[in-house]
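# Examination of the molecular architecture
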Amino acid sequence: MTSATQAQPAAAKGVYDSRSIHLHWVTAVIVALLWGIAELIDLFPRGAPKIAVRSVHIVLGLLLVAVTVRRLSWRSSSGRIVPPAPGGLWGHAAKISHAALYAVLVIVLLLGISNAWARGDSIFSLFSIPKLLPAFPSLKPAVGRLHKIGANALVILALLHALAALFHHYVLRDTVLQRMLVHRKTP
Ligand code: HEM
Ligand code: HEM
């Protein structure tokens, strides 16, 4: 009930509603943290330190799963869907790139969960994730590689997407970036 009314005033102004904006930036921050932490894992000595850093990655990954489920369900119910600013071919390109960001994000999250299962991991040495299909030892490196490739593709896509947003703001001087920044209190 409140959800639908929250989204409405922002819709009237052609900007994303505040919940969509919030979920977008939380996603961006968590993806950056996950990628950075993953790159650091191998710098830590084997045993408790490495398990701790990997555990932070897994727990943060699960938090992003929850944020993404919330975001997709919000978008498909009350969230404001703002049409692309440019028309024609560029508008199509914007739509496709947004769909690709959502798709790659979901794929990387699913591969991340599969990776933890294929490896059989420990969370802060408190809980253990059972190893899936131990009879197939090639599963672990294969899923790990796919998760890493997907994560790198997501980061590259997100960087291009961010550059496009900055191009709109500083070169084209339109409101594309602003509509993902504007935070208005709604009645
Ligand atoms: C968008 C979200 C994610 C990104 C960007 C990401 C990024 C990465 C990257 C780049 C690596 C490779 C590290 C390396 O070998 O150099 C990695 C490894 C890993 N990720 Fe993720 N990840 C994400 C989500 C998840 C999720 C949701 C889980 C599980 C719930 C997960 C579990 C793992 C595990 C277990 C490893 C192996 C760590 C190791 O080799 O020690 N990831 N991740
Ligand atoms: C991992 C990082 C990111 C992901 C996964 C991501 C994903 C997305 C997605 C899926 C949309 C479409 C929203 C929808 O219609 O539901 C979007 C919109 C947008 N994003 Fe990002 N984003 C990321 C980072 C960034 C960054 C760093 C910037 C700016 C510097 C940015 C600026 C924008 C803007 C301005 C829009 C609105 C575009 C429009 O209305 O046409 N994003 N983002």
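A brief report on the enclosed structure follows. These numbers come from a predicted model, not from an experiment. (Residues numbered from 1 in each chain as written. Chains lettered and ligands numbered in written order. Predicted model: local features only at pLDDT ≥ 70, side-chain atom pairs only at ≥ 80, totals over all residues.)

## Comments concerning the site of ligand 2
Around ligand 2 sit 23 residues in total, of which V31, H98, A158, A162 and M180 are the nearest. Here the shell around ligand 2 is composed, by residue class, of 17 nonpolar, four polar and two charged. (Near = placed C-beta within 6 Å. Nonpolar A, V, L, I, M, F, W, Y, C, P; charged D, E, K, R; others polar.)

## Section: the site of ligand 1
In the vicinity of ligand 1 lie 27 residues, with L34, A38, G61, G112 and A151 positioned nearest. At the level of elements, α2 (18-40), α3 (48-76), α4 (88-119) and α5 (139-172) are the ones that each hand at least two residues to the shell around ligand 1. Within the shell around ligand 1, the residues separate by chemical class into 16 nonpolar, six polar and five charged. (Helix = DSSP H or I, 4+ residues; strand = E, 2+ residues; numbered from the N terminus.)

## What to know about the environment of I41
Mapped onto the secondary structure, I41 falls in the loop between α2 and α3. For I41, a count of 14 C-beta atoms within 10 Å gives the class partly exposed. Note: C-alpha distance between I41 and G87 (46 residues apart in sequence) is 44 Å. When near neighbours in sequence (up to four residues on either side) are disregarded, I41 contacts K50, V53, R54 and H57. (Buried ≥ 20, exposed ≤ 12 C-beta atoms within 10 Å, placed from the backbone. Contact = placed C-beta atoms within 7 Å.)

All quantities given are derived from atomic positions and should not be read as evidence of function.
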